[in-house]
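Residue-level listing of the chains:
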Amino acid sequence: MASVLGAPPGPIRRFYGPDEIVCIRITSPDLSWISKIQVNQPAVLRRAEQIQARRTVKNEWQAAWLLKAVTFIDLTTLSGDDTFSNVQRLCYKAKYPIREDLLKALDMHDQGITTAAVCVYPARVCDAVKALRAAGCNIPVASVATGFPAGQTHLKTRLEEIRLAVEDGATEIDVVINRTLVLTGQWEALYDEIRQFRKACGEAHLKTILATGELGSLTNIYKASMIAMMAGSDFIKTSTGKETVNATFPVAIVMLRAIRDFFWKTGNKIGFKPAGGIRSAKDTLAWLSLIKEELGDEWLKPELFRIGASTLLLDIERQIYHHVTGRNAAYHELPMS
């Protein structure tokens, strides 16, 4: 994959031999270089197969990795029937994600393990802030915004939604882009839109959802990733969880390579958040392995890696239970919230 930001005019630069994913030529300082990007899809798919075929860690190593995974989860509820009570239960589970007796058995009860954040609709931000304050913890509240999940409302409305969520106490905003701008190649318009999202967020972290299942190609995903980072996103995120296709390893590889390119050329570390369809502890271990191999250990912290999930935590806790007790948990022994 060649780096793309700030590269001088000249011949195509190649860094990865036969496995490179992107080769481009920069000839001008504006966004016209975006049209020259091409993703090597067969190389991406081969890399994805390697990740999926790899044997997972076992026993105490697995337990340790799963506890680490808990600290990356944005524990999420995005249902039409959300109420204060179920948001309150979600926040309690975010503070106490694993039963204390299980943590004591692993000598991890005093490590302050919580989820990375709770994620709710804008109308439920006040509920989450109130519940977390009552629980005596400072877990961040993230809110989806900008006409989630479709992003098809007027820009003025989407910007106001961000501002209201921030006013209510959200410190992280997960925005959705207008997919039409990607599909029609309006890269400057996409850049300008995300810049306005960035301004509306103020001090809140901006996590930009690309809705990769609706962008048409891996090449578009790489382009959208670069534009989102250039426009000031703190994270790029795969999906809303509402698309037909959500977080996949090929998509993740392209986005991670874009993050790595951006870091090499700017020195800025941008976070990554896969979301949608990540439900099993086994899958989570593969995701952590991918991050470690593509970006390194420094990205394996909540400031730079999140997992958007609503049911994943339950399966992780079941695996921890099995590791500690040697048997499977009954449903009532590990309530989700």
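For the protein, an unreviewed UniProt entry supplies the name Deoxyribose-phosphate aldolase and the organism Chrysochloris asiatica. Recorded in UniProt under Catalytic activity (unreviewed entry), the annotation for the protein is "2-deoxy-D-ribose 5-phosphate = D-glyceraldehyde 3-phosphate + acetaldehyde". Turning to the protein, the UniProt annotation filed under Subunit (unreviewed entry) states: "Interacts with YBX1."

Undergrad: Tell me about the sheet that holds strand β2 (residues 117–120), residues and numbers included.
TA: An order of β7-β6-β5-β4-β3-β2-β1-β8 is seen for the eight strands of this open sheet, with the pairing classed as parallel. One side of each edge strand has no neighbouring strand; the edge strands of this open sheet are β7 (271–273) and β8 (307–309). Ignoring which end each strand starts from, the neighbouring axes of this sheet average 25° apart. Strands β3 (141–145) and β4 (172–176) of the sheet are contacted by helix α6 (residues 155–167), whose axis makes an angle of about 160° with β4.

Undergrad: Hey, could you go over the packing of aromatic side chains for me, with residue numbers and the actual values?
TA: The description of an aromatic ring pair rests on the distance of the ring centres and on the angle between the ring planes. Summed over the entire model, instances satisfying the criterion amount to six aromatic pairs. With 5.2 Å between their ring centres and 65° between their planes, Phe72 and Phe305 make a pair best called edge-to-face. Within this pair, whereas Phe72 is found in the loop between α2 (59–70) and β1 (73–76), its partner Phe305 is found in the loop between α11 (281–294) and β8, the two being separated by 233 residues in sequence. For the pair Phe72 and Phe305, one class covers both residues: buried. Following the ring pairs from residue to residue traces out a cluster consisting of Phe249, Phe272 and Trp287. In this structure, Lys130 packs its charged tip against the face of Phe84, placed 5.5 Å from the ring centre. Over the face of the ring belonging to Trp299 we find Lys269, whose NZ or CZ atom lies 5.8 Å from the ring centre.

Conventions used here
- Residues numbered from 1 in each chain as written.
- Predicted model: local features only at pLDDT ≥ 70, side-chain atom pairs only at ≥ 80, totals over all residues.
- Heavy atoms only, no water.
- UniProt positions renumbered as here; feature names shortened; annotations may be inferred.
- Pairing = 2+ DSSP bridges.
- Helix = DSSP H or I, 4+ residues; strand = E, 2+ residues; numbered from the N terminus.
- Axes fitted to C-alpha atoms, helices over the stretch in contact; angles between N-to-C directions.
- Contact = heavy atoms within 4.5 Å.
- Phe/Tyr/Trp six-rings, centres within 6.5 Å; stacked < 30°, edge-to-face > 60°.
- Buried < 20%, exposed > 50% of the residue type's maximum accessible area, 1.4 Å probe, protein only.
- Lys NZ or Arg CZ within 6 Å of the ring centre and 35° of its normal.

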